[in-house]
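# Examining the three-dimensional arrangement
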Amino acid sequence: MIDSNARNLAVEVRNLPPSMLDASLLAEYVKTGEAYDLSELCKKGDVSLKQVAQIIVASGLDEIDKLPGYAMTYETFELAENLYSIGESRLKWQQTRNRHKPDYLEGRLSREALKSLELDEKKSKRHYADIYFRSWAVFWGEKFLKRMIHKIDSRIISSIPEELITEKVCFAAVLKSGLALRYVPESMRSLAVCTQAVQENPAAIAFTPGRLRDQIRELQVQEFN
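Described in the following lines is the structure provided in the data block. (Residues numbered from 1 in each chain as written. Predicted model: local features only at pLDDT ≥ 70, side-chain atom pairs only at ≥ 80, totals over all residues. Heavy atoms only, no water.)

For the rest of this paragraph, the subject is the packing of aromatic side chains. Within this structure, the stated rule accounts for 10 aromatic pairs. Between the aromatic rings of Y70 and F133, the centroid separation amounts to 6.2 Å while the plane-to-plane angle is 70°, which identifies the pairing as edge-to-face. Residue Y70 is found in the loop between α5 (61-64) and α6 (74-84), and its partner F133 is found in helix α10 (residues 121-134); the two are separated by 63 residues along the sequence. You can call Y70 buried: its relative accessible area is 1%. Residue classification places F133 among the partly exposed residues on the basis of a relative accessible area of 27%. Ring geometry for F77 versus W136: centroids 6.2 Å apart, planes at 70°, classification edge-to-face. (Phe/Tyr/Trp six-rings, centres within 6.5 Å; stacked < 30°, edge-to-face > 60°. Helix = DSSP H or I, 4+ residues; strand = E, 2+ residues; numbered from the N terminus. Buried < 20%, exposed > 50% of the residue type's maximum accessible area, 1.4 Å probe, protein only.)

Right, here's the structure in full:
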């Protein structure tokens, strides 16, 4: 349950200019429990997401639960392991770690409940968005990410740690929405990925590398003919 003070702080932080955002303030924002857009705010303020995540990890196990899953990368997870996997905190750490695994979160509903959920698109998106933001990136795999893109929105690729983004994940994103190409890392904007994006939405040509645009247009003409 989010109290009114935490909610007011969350709203205040979201409305601050980039120059006022720093790691300590964004760590306090995480503690409100509403920091689903932490990645976006870190980019806005040119703040290290890793630094914010590590401040939260050092703040205690109760605060770790509030960290968006995409911020729990391997490096941050290793820090938490070193801090909490021994001594009196060991059992609580194991419990915390386990409840942030995708398999645990996706297994909470029965097949019948999932079928019923699919009949309501908004509820379905909220359900899978909850799984995405609660599960930790250190446990993510390619199949999981492709499923989340399909179930939620291709724009979530903007918050996926770059080391976890594969060509198949990029394809899944641009197949759902060609304009998701704007969130694909520059290094992953291959001819194949960009061509698929433009096929889905011609406006995606604006986000293709200049060196590939003529080739993509030629491929489009060949397909049309």
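Time to look at the pattern of salt bridges. Scanning the model with the defined rule gives 17 salt bridges in all. Note that D65 is salt-bridged to R99, the shortest N-O span being 2.6 Å. Taken together, the residues span a long stretch of sequence, with D65 in the loop between α5 and α6 and R99 in the loop between α7 (90-98) and α8 (102-106) at a distance of 34 residues. For D65, a relative accessible area of 27% corresponds to the partly exposed category. You can call R99 partly exposed: its relative accessible area is 32%. (Salt bridge = Lys/Arg side-chain N within 4 Å of Asp/Glu carboxyl O.)

With that settled, the discussion passes to the packing of helix α1 (residues 4-14) against helix α2 (residues 23-30). The geometry of α1 relative to α2 is characterised by a closest axis approach of 9 Å and an angle of 140° between their N-to-C directions. Classified by the angle between their axes, α1 and α2 sit oblique to one another. The chirality of how α1 crosses α2 is left-handed. Contacts from L9, A10, V13 and R14 of α1 reach α2 at L25, L26, E28 and Y29. Here the residues of the contact of α1 with α2 are counted per class, giving six nonpolar, no polar and two charged. (Axes fitted to C-alpha atoms, helices over the stretch in contact; angles between N-to-C directions. Parallel < 35°, antiparallel > 145°, perpendicular 65-115°, else oblique. Left-handed = near helix turned anticlockwise from the far one by under 90°. Contact = heavy atoms within 4.5 Å. Nonpolar A, V, L, I, M, F, W, Y, C, P; charged D, E, K, R; others polar.)

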